[in-house]
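Listed here are the chains, written in short residue letters.
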Amino acid sequence: MARVIVDVMPKPEILDPQGKAVTGALQRLGFDGLTVRQGKRFEVEVDGELTDERLGQVREAAEKLLANTVIEAFDVRVEQ
Amino acid sequence: MSRIGVVTFPGSLDDHDARRAVTLAGHEPVALWHAHESLQGVDAVILPGGFSYGDYLRCGAIARFSPIMTEVIQGAEQGLPVLGICNGFQVLCESHLLPGALIRNDVRTFVCRDQPLRVDSVDTVWTNAFTPGQQITIVLKNGEGGYVADPDTITRLEGENQVVFRYQQDNPNGSLNDIAGITNARGNVVGLMPHPEHNMEQLTSPSLDGRAFFTSLERFLGAAIVA
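Here we summarise the structure given alongside this text. Given the structure is predicted, the values throughout are model-derived calculations rather than measurements.

Criteria and cut-off values
Residues numbered from 1 in each chain as written. Chains lettered and ligands numbered in written order. Predicted model: local features only at pLDDT ≥ 70, side-chain atom pairs only at ≥ 80, totals over all residues. Heavy atoms only, no water. Pairing = 2+ DSSP bridges. Helix = DSSP H or I, 4+ residues; strand = E, 2+ residues; numbered from the N terminus. Axes fitted to C-alpha atoms, helices over the stretch in contact; angles between N-to-C directions. Contact = heavy atoms within 4.5 Å. Buried < 20%, exposed > 50% of the residue type's maximum accessible area, 1.4 Å probe, protein only. Salt bridge = Lys/Arg side-chain N within 4 Å of Asp/Glu carboxyl O. Buried area = accessible area lost by both parts, 1.4 Å probe. Polar contact = N/O pair within 3.5 Å; in protein donor to acceptor, adjacent residues only side chain to side chain. Nonpolar A, V, L, I, M, F, W, Y, C, P; charged D, E, K, R; others polar.

Examining the sheet that holds strand β2 (residues 40–46) of chain A
Residues and elements named next belong to chain A.
Point 1. Here 3 strands make up an open sheet; going across it, the order is β2-β1-β3 and the pairing antiparallel. Strands at the two margins of the open sheet, each flanked by one partner only, are β2 and β3 (72–78). Each neighbouring strand pair of the sheet contributes to a mean axis angle of 20°, computed without reference to strand direction.
Point 2. Direction of pairing for strand β1 (residues 2–10) relative to β3: antiparallel, over a ladder of 7 bridges. For Val-4, the partnering residue across the bridge sits in β3 and is Val-78.
Point 3. Contacts from helix α2 (residues 52–66) reach β1, β2 and β3 within the one sheet, and its direction differs from that of β3 by about 160°.

Focus on the side chain of Ser-2 of chain B
Residue and element names in this part refer to chain B.
Point 1. Checked against the element boundaries, Ser-2 lands in the segment before β1 (3–8).
Point 2. Residue classification places Ser-2 among the buried positions, given a relative accessible area of 11%.
Point 3. Sequence-distant contacts of Ser-2, defined by excluding residues within four places in its chain, comprise His-27, Glu-28, Asp-43 and Leu-221.

Some words on unusual backbone geometry
Residue and element names in this part refer to chain B.
Point 1. Phi angles above zero are rare outside glycine, and Gln-40 is one such case at about 55°.
Point 2. Mapped onto the elements, Gln-40 comes out in the loop between β2 (28–33) and β3 (44–47).
Point 3. With phi around 70°, Leu-57 is a residue other than glycine that occupies positive phi space.
Point 4. Relative to the helices and strands, Leu-57 is located in the loop between β3 and α2 (67–77).

Focus: the pattern of salt bridges
Any two side chains of opposite charge can pair, on the condition that their charged atoms come close.
All names here are of chain B.
Point 1. Taken as a whole and assessed by the stated rule, the structure comprises 17 salt bridges over all chains.
Point 2. Notably, a salt bridge pairs Glu-28 with Arg-3, separated by 3.9 Å at the nearest N-O pair. Linking Glu-28 in strand β2 with Arg-3 in strand β1, this pair joins segments that are 25 residues apart in sequence.

Some thoughts on the interface of chain A and chain B
Point 1. With 16 residues of chain A in contact, the opposing surface of chain B contributes 13 residues.
Point 2. For the chain A and chain B pair, buried surface summed over both sides reaches about 1,300 Å², with 70% attributable to carbon and sulfur atoms.
Point 3. Among the ionic pairs, Arg-58 of chain B bridges to Glu-72 of chain A, the shortest N-O distance being 3.7 Å.
Point 4. Counting across the interface, chain A meets chain B through 4 residue pairs in polar contact (both at pLDDT 80 or more).
Point 5. Contributing elements (two or more residues each) for the side of chain A that touches chain B: α1 (17–28), β2 and α2 of chain A.
Point 6. The element that contributes the greatest number of residues to the side of chain A that touches chain B is α1 of chain A, accounting for 4 residues.
Point 7. Residue composition of the side of chain A that touches chain B, grouped by class: 10 nonpolar, 2 polar and 4 charged.

Quick word on the sheet that holds β3 of chain B
Residue and element names in this part refer to chain B.
Point 1. Pairing in this open sheet of 9 strands is mixed, and the strands run β2-β1-β3-β4-β11-β10-β9-β6-β7 from one edge to the other. Sheet topology places β2 and β7 (135–142) at the edges, where each strand pairs with a single neighbour. Between one strand and the next, the sheet's axes are offset by a mean angle of 25°, whatever the strand orientation.
Point 2. Where strand β6 (residues 111–119) and β7 come together, 8 bridges link them in antiparallel fashion. Paired with Arg-113 across the two strands is Leu-140, which belongs to β7.
Point 3. In the packing of helix α1 (residues 15–24) onto the sheet, the strands contacted are β1, β2 and β3, and the crossing angle to β1 comes to about 175°.
Point 4. Against the sheet, helix α3 (residues 87–94) makes contact with β3, β4 (82–85), β10 (179–183) and β11 (189–192), and its axis sits at roughly 120° relative to β4, the strand it touches most.

Encoded structure:
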């Protein structure tokens, strides 16, 4: 079974309050100079052989449901 | 008397209040279940507040694909009046019936207060009983109410008079251009973060400004029948 990773991140121009909160907490803990943006990682197990068509379906799923492309960018890659 | 449907998703909270508001406004509330595929011939639909599907993935993202939404989207595209309140607004954005998206409040906390608003567009099914520029107060309560959209969309919304409500005094959540509610080009679909269904009764509300939403709908439906 193949595993496909979908990373979803807020677009750079979109405010990321969660990332800002984590950045602030890191600073308070003494981790200077670390700026965080927080996104989501989806691990998708694909039944059967991972053909280009199947990968295309994962891409379609990412665009339709996993990410909201109004505010988020996504990246699809096969885990080796 | 009109029949107004209120959709209940798993995790909806304000569906009962919305149905009660419909009754207080003198109409017949019709409970619609997310898993059903019929709108039962209602004259209008309200998507209520709450946390549909636990807000998993993104607010409104999973509710948008529930069976009843296929009917709501189809109806809305043909002119059916649809009002999305809070989570309902998020569902409308996820459904692409309204442009843009709602993200976590910039203050990073849940905000609950009586919110002053200005009515900027009365050219909608749900706001024609207000006067342009009218100052109203409606309950606001959400964690993810920051309205965002790309600059072209914001320009279009402003240019086409599709910004319906704007936050007054201070912006509670970082929404672009203080946007609290918007409408589609046709004016039959309105989404807003504040909760007009909580502003229907003297006992529990600082204002009765929620009532005009229903007066507006009555006017529209009345005019539609005459026409």
